[in-house]
Structures are given as C-alpha cells and as structure tokens.
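Spelled out from the first residue to the last, the chains are:
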Amino acid sequence: MLQLFQLGGWVLPIILFAAVLALAIIGNRFWVLRRSRIAPPTLAAQVTNLVEVGKVQQAVKLLYENDTPLARLMLAALQQAGQPRDVIKEVVEETGRHEVAHLDRYLNFLGSIAGVSPLLGLLGTVFGIMSAFSAIGSVGVGDPKALASGIAEALITTASGLIVAIPSLIMYRYLRGRVDGLVLEMEREALKVVNLLAGGQE
C-alpha cells in the first residue's frame, strides 16, 4: 500500500482525503436520517388523536417533549390554531423548508466529491502520462523501467478516482431519496393536523 501511495503522485493524497470526507459525510447522514430520529412512528398518531378530541395543549406539550423535525413541523401548525387554513399551511411550509435544509446538510458536498473525484483521477492520469513521455525523451523507449513510474501514476490515480466517485455517487442518490421520502412523510402528517385545525376544509 505504501508503494502504491508513493507511485500515485501528489494527486493521490487529495483523492484519499476526498474519500475520507465522503465516508464521514455518509456516516453522519446515516446517523442523522434515521426514521426514529426524524419522524417517530407513533408521534403523528398520538398528536392527531389529541387534536381530534380538542386537547390541543396536550398535543403541544407532547411535541415540545419530542424534539424531532416532524414534531417541529406539527408544532408550527398547532401554534397557528384558529388561523385560516392557508395561513397555517404557509407557516408549516416555511418550517418545512428549514427542516429540509437541515436534512440536506452536507449532501451537496458529497455530490461534489462524486463529481470531482474522477476529474482528479484524470488529472493524475495526465501527469502520469507526462512523466512517461518525459522519461521517453530522456532515455528513449528501450528502458521499460523508466516508463513504469509514469504509467503506474496514471493507472493508480484513475482507479482511485473511480473507486471514490462510484460509491459516493450511489450514496448521494440513496441519501437524497431518503431525504425526499422523509420530507413527504412529514408533510403528509403535518397536513393532517392542518386539516383538523381548519375543520377539514380545503
């Protein structure tokens, strides 16, 4: 591994650093985007039942005790109790945008790593080929050992860039889909509360 690291040239450490960042972001998002942390399965039903029987204050207290994105979204609706449906819905949507920004945190950076890593690999390839041609200019084509380091640099950086980019892109797409799914679920549950507060009127 040390030999491969040395043969990879100065671009390889940058690719490896990008790999470490990607792993850190993926681990963080898996931890943050747990369903139990974002939208506890029983919370929406409990709040809806309380609102249906007119126990709005108890529902508010329950939501204050559950500091989750879904709780904050439903709390925004309950705090507007008595307002027209459009006003409640607008407040919920505004709160939802803030929550989405929090859930999306670091994902754009992960997508950037997925896009930049192959380019870094290509850059390393270019430098490796330049090194190989420089060796040819110095000793000719009769000495394969003189070409080996340049070719190795080109191949190692290309492979490393792809090894980082492919999993990063897959996880970026997966996590983005997970965020979208969680947001839709939260909006659906919050709209139930909005409709209850507005007397079911559209």
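Quick look at the structure, then. This structure is a prediction, so every number in the text was calculated from the model and none was measured. (Residues numbered from 1 in each chain as written. Predicted model: local features only at pLDDT ≥ 70, side-chain atom pairs only at ≥ 80, totals over all residues. Heavy atoms only, no water.)

**As for the overall build of the protein**
Put simply, the test is: Strands here mean DSSP runs of E at least two residues long; helices mean DSSP runs of H or I at least four residues long; both are numbered from the N terminus. The contact rule is simple, with two residues in contact once any of their heavy atoms fall within 4.5 Å. Each accessible area value is a Shrake-Rupley result obtained with a 1.4 Å probe; residue values ignore everything except the protein chains displayed when judging cover.
Assigned secondary structure in the protein consists of 9 helices and 0 strands. For the protein, the sequential pattern of α-helices and β-strands runs α-α-α-α-α-α-α-α-α. A separation of at least 24 residues holds for 75% of the contacts in the protein among residues at least 6 apart in sequence. Entry remark: accessible area of the protein is about 11,500 Å², with carbon and sulfur atoms responsible for 64%.

**Let's talk about a negative patch on the surface**
Applied cut-off: Each patch is assembled from residues with relative accessible area greater than 30% and no salt bridge, linking like charges that lie within 9 Å and nonpolar side chains (Val, Leu, Ile, Met, Phe, Trp, Tyr) that lie within 5 Å. Whenever a carboxyl oxygen of Asp or Glu lies within 4 Å of a side-chain nitrogen of Lys or Arg, that contact is scored as a salt bridge. Neither His nor the chain ends contribute to the count of charged residues, in which Lys and Arg are positive and Asp and Glu negative. To locate a charge, take NZ of a lysine, CZ of an arginine, CG of an aspartate or CD of a glutamate.
Residues Asp-86, Glu-90, Glu-93 and Glu-187 make up a contiguous surface patch of negative charge. Per-element accounting of the negative patch gives the leading share, 3 residues, to helix α7 (residues 85-103). Along the chain, Asp-86 turns up in helix α7.

**Some words on the nonpolar core**
Here is the rule we go by: Side-chain atoms within 4.5 Å link the members of a nonpolar core, which is a set of buried Ala, Val, Leu, Ile, Met, Phe, Trp, Tyr and Cys residues. Buried residues are those whose accessible area, probed at 1.4 Å on protein chains only, stays under 20% of the maximum for their type, while exposed residues exceed 50% and partly exposed ones sit between those limits.
Among the nonpolar cores identified, the biggest contains 46 residues, and Val-47, Leu-63, Leu-78, Leu-110 and Met-186 are the most heavily contacted of them. Broken down by secondary-structure element, the contributors of at least two residues to this core are α2 (11-32), α4 (43-52), α5 (56-65), α6 (69-78), α7, α8 (107-139) and α9 (144-197).

**Re the pattern of salt bridges**
In this structure the tally under the stated criterion is 6 salt bridges. Put simply, Arg-35 and Glu-185 hold a salt bridge, and the shortest N to O gap is 2.1 Å. Residue Arg-35 is located in helix α3 (residues 35-38), and its partner Glu-185 is located in helix α9; the two are separated by 150 residues in the primary sequence. On the basis of relative accessibility, which here comes to 42%, the residue Arg-35 falls in the partly exposed class. For Glu-189, the salt bridge is made with Lys-192, and the minimal N-O distance between the two is 3.6 Å. Here Glu-189 and its partner Lys-192 are both found in helix α9, 3 residues apart, which amounts to about one turn of the helix. By relative accessible area, Glu-189 is classed as buried at 13%. On the basis of relative accessibility, which here comes to 40%, the residue Lys-192 falls in the partly exposed class.

**Overview of the side chain of Thr-95**
Within the secondary structure, Thr-95 is located in helix α7. Not counting residues up to four positions away in its chain, the partners in contact with Thr-95 are Arg-72, Leu-73 and Ala-76.

**Focus on the packing of aromatic side chains**
Aromatic ring pairs: the centre-centre distance and the angle between the two ring planes describe each pair. So the rule is basically this: Stacked, tilted and edge-to-face pairs are distinguished by plane angle, under 30 degrees for stacked and over 60 for edge-to-face with tilted covering the rest, among Phe, Tyr and Trp rings (Trp via its six-membered ring) whose centres lie within 6.5 Å. Here, over-ring charges are defined by two tests on the NZ atom of lysine or the CZ atom of arginine: distance to the ring centre within 6 Å, and angle to the ring normal within 35 degrees.
On inspection of all chains with the given rule, the structure shows 1 aromatic pair. The aromatic ring of Trp-31 is capped on one face by Arg-34, whose charged end is 3.8 Å from the ring centroid.

**What to know about a nonpolar patch on the surface**
A contiguous nonpolar surface patch, about 390 Å² in accessible area, is contributed by Leu-119, Leu-122, Val-126 and Met-130. For Leu-119, the location among the structural elements is in helix α8. Taking relative accessible area as the criterion, Leu-119 reaches 55% and is therefore assigned exposed.

**Observations concerning the packing of α5 against α6**
The cut-off we apply is this: Only the stretch in contact is used when fitting a helix axis, every axis being a line fitted to C-alpha atoms; angles between N-to-C directions are given from 0 to 180 degrees. Angular relationships are summarised with four words: roughly parallel below 35 degrees, roughly antiparallel beyond 145, roughly perpendicular across 65 to 115, and oblique for the angles in between. For any pair of crossing helices, the crossing counts as left-handed if the nearer helix is rotated counterclockwise from the farther one by less than a right angle, and right-handed if it is rotated clockwise. Just so you know the grouping, Ala, Val, Leu, Ile, Met, Phe, Trp, Tyr, Cys and Pro go in nonpolar, Asp, Glu, Lys and Arg go in charged, and all remaining residues, Gly too, go in polar.
Two elements in contact, α5 and α6, have axes whose closest approach is 9 Å; the angle formed by their N-to-C orientations is 150°. Between α5 and α6, the angle is such that the two are roughly antiparallel. Crossing geometry of α5 relative to α6 is assigned as left-handed. When α5 is examined against α6, the residues Val-56, Ala-59, Val-60, Leu-63 and Tyr-64 are found in contact with a partner set consisting of Ala-71, Met-74, Leu-75 and Leu-78. For the contact of α5 with α6, the class distribution of residues is 9 nonpolar, no polar and no charged.

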